[in-house]
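# Summary of the model geometry
Listed here are the chains, written in short residue letters.
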Amino acid sequence: MPKPRLLSGMRPTGPLHLGNLMGALENWVSLQDTYDCFYSIVDWHSLTTDYADPSGIHDNVVEVATDWLAAGLDPERSTLFIQSLVPEHAELHLLLSMVVPVPWLERVPSYKEQQKQLTGKDLSTYGFLGYPLLQTADIIIYKADAVPVGEDQAAHVELTREIVRRFKNLYGPVFPEPRTLHTAAKRIPGTDGRKMSKSYDNAVYLKDDPETVRKKIRPMLTDPARKRRTDPGDPDKCPVFDLHKAFSSKETREWATQGCRTAGIGCLDCKAKLIDHMLERLAGIHARRPEFASRPDTVWDILREGSKRARAVARATMDEVRAAMKIDYQTS
Ligand code: SF4
């Protein structure tokens, strides 16, 4: 039996950090065993918010792909591709835009939230309103059975399912309704205790070598109650402990909890253990990444080859879509 198909994507906004790894990429790697995975670098989605300055997109595409390969995405098993190299996504997006009511898009929670958050950008654009629809096209053009998402993206998959039903009512069954594969949310704080993010300048990147990881973690913010070595602390108030939860063994977490609450260990001891566990977990990435980073042409070739594979699937779906919508003159 063929494996069920799965689709997910990342915007090329820059090199990936530990938040991206633990929030999505690690899960993507393991999903390759059970799914026929299509992983897309969604460059058009970057333009929905960064249309005024697209200068970073080209280099970020290769950065993201290099991180993917270093993390263990395997182009032999998964289709790794660039959204804009499969222009059929745009055709399907246009056709869906004929049938999807505007209020369905306006009520997507991230629409208003992001407009509020990204105040320096004019997001009153048609493209920004339509980005969940483009996401729908990205998913259903491959007839994906499943979409791995975090909590904040669940509404988008629900919208996709609604659109699939509307399409079916109007034109017949072309697309399956994709299910949501929830990714357990792990809190990955940055070095200043806020959510890890490139824009906060608090991230540990997959491209950081072991020495850089050490340099970033050592001065990391801890429970403010531990002003002196002899002050007991509370791991639940410490971002370093959140990283222990993501990277360290149960024994180490117990050791840190006990030592912190009794002031039996210092924060530098605690961080040193965390660094050991992190570097152990990142060892594969650190071993593989320099090789891919030194061969960007190979990385582009992998993406172009994957895009060809993706395009063949997307073309076949679009033949069905045009037939269902009675505009299949191209193929008749
Ligand atoms: S001992 Fe560890 S958990 Fe406790 S405050 Fe220091 S770094 Fe945080």
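As the structure is a computational prediction, the values presented were derived from the model and not from experiment.

## Points about the overall build of the protein chain
- Check the secondary structure of the protein chain and you find 14 helices and five strands.
- Computed over its C-alpha atoms, the radius of gyration of the protein chain comes to 22 Å, within 12% of the 20 Å expected for a compact globule of 332 residues.
- Dimensions of the protein chain, computed from C-alpha atoms along their principal axes, come out at roughly 80 × 40 × 40 Å.
- Taking as baseline every contact in the protein chain between residues at least 6 positions apart, the subset at least 24 positions apart corresponds to 78%.

## A word on the site of the ligand
- Close to the ligand lie Thr222, Asp223, Arg226, Cys238, Val240, Cys260, Cys267 and Cys270, which account for all nearby residues.
- Looking at the shell around the ligand residue by residue, the classes come out as five nonpolar, one polar and two charged.

## A closer look at the pattern of salt bridges
- Evaluation of the coordinates by the stated rule reveals 29 salt bridges.
- Here Arg289 makes a salt bridge to Asp67, at a shortest N to O gap of 2.5 Å. You can see Arg289 sitting in helix α13 (residues 267-293) and its partner Asp67 sitting in helix α3 (residues 57-71), a full 222 residues away along the chain.
- For Arg289, a relative accessible area of 9% puts it in the buried group.
- Note that Asp242 and Lys245 form a salt bridge whose closest N and O atoms lie 3.4 Å from each other. Here Asp242 and its partner Lys245 are both found in helix α11 (residues 239-247), three residues apart, which amounts to about one turn of the helix.
- Given the relative accessible area of 14%, Asp242 is considered buried.
- A single salt-bridge network, built from bridges that share partners, covers Glu63, Asp67, Lys207 and Arg289.

## Concerning the side chain of His277
- Along the chain, His277 falls in helix α13.
- What makes His277 buried here is its relative accessible area of 16%.
- Here His277 is in contact with Phe247, Ser248, Ser249 and Thr252, once residues within four sequence places are set aside.

## Considerations on the pairing of strand β3 (residues 79-82)
- Side chains of β3 alternate between two faces, with Thr79 and Phe81 and Leu80 and Ile82 buried alike.
- Pairing of strand β2 (residues 36-41) with β3 involves four bridges; the strand directions are parallel. Residue pairing across strands places Tyr39 opposite Leu80, the latter belonging to β3.

## With respect to helix α4 (residues 88-97)
- For α4, the set of buried residues is Glu88, His89, Leu92, Leu95 and Leu96. Buried residues along α4 cover an arc of 130° about the axis, so they all sit on one side.
- On its buried side, α4 packs onto α2 (43-50), β3, α8 (131-140), α9 (154-171) and α14 (296-324).

## A closer look at the pairing of strand β4 (residues 146-149)
- Residue alternation in β4 divides its side chains into two sets, Ala146 and Pro148 and Val147 and Val149, and both sets are buried.
- Relative to strand β5 (residues 179-182), β4 is paired through four bridges, and the arrangement is parallel. The partner of Pro148 across the bridge, within β5, is Leu181.

## A word on unusual backbone geometry
- Not every positive phi belongs to a glycine, and Lys143 is a case in point at roughly 50°.
- Along the chain, Lys143 turns up in the loop between α8 and β4.
- Overall, the relative accessible area of 25% leaves Lys143 in the partly exposed class.
- If you check the backbone angles, Lys326 has positive phi at about 60° while not being a glycine.
- On the secondary structure map, Lys326 appears in the segment after α14.
- Under the relative-accessibility criterion, Lys326 is labelled exposed at 64%.

Reading the values: the criteria
Residues numbered from 1 in each chain as written. Predicted model: local features only at pLDDT ≥ 70, side-chain atom pairs only at ≥ 80, totals over all residues. Heavy atoms only, no water. Helix = DSSP H or I, 4+ residues; strand = E, 2+ residues; numbered from the N terminus. Rg over C-alpha atoms; globule rule 2.2 N^0.38 Å. Contact = heavy atoms within 4.5 Å. Near = heavy atom within 4 Å. Nonpolar A, V, L, I, M, F, W, Y, C, P; charged D, E, K, R; others polar. Salt bridge = Lys/Arg side-chain N within 4 Å of Asp/Glu carboxyl O. Buried < 20%, exposed > 50% of the residue type's maximum accessible area, 1.4 Å probe, protein only. Pairing = 2+ DSSP bridges. Arc of directions from axis to C-beta.

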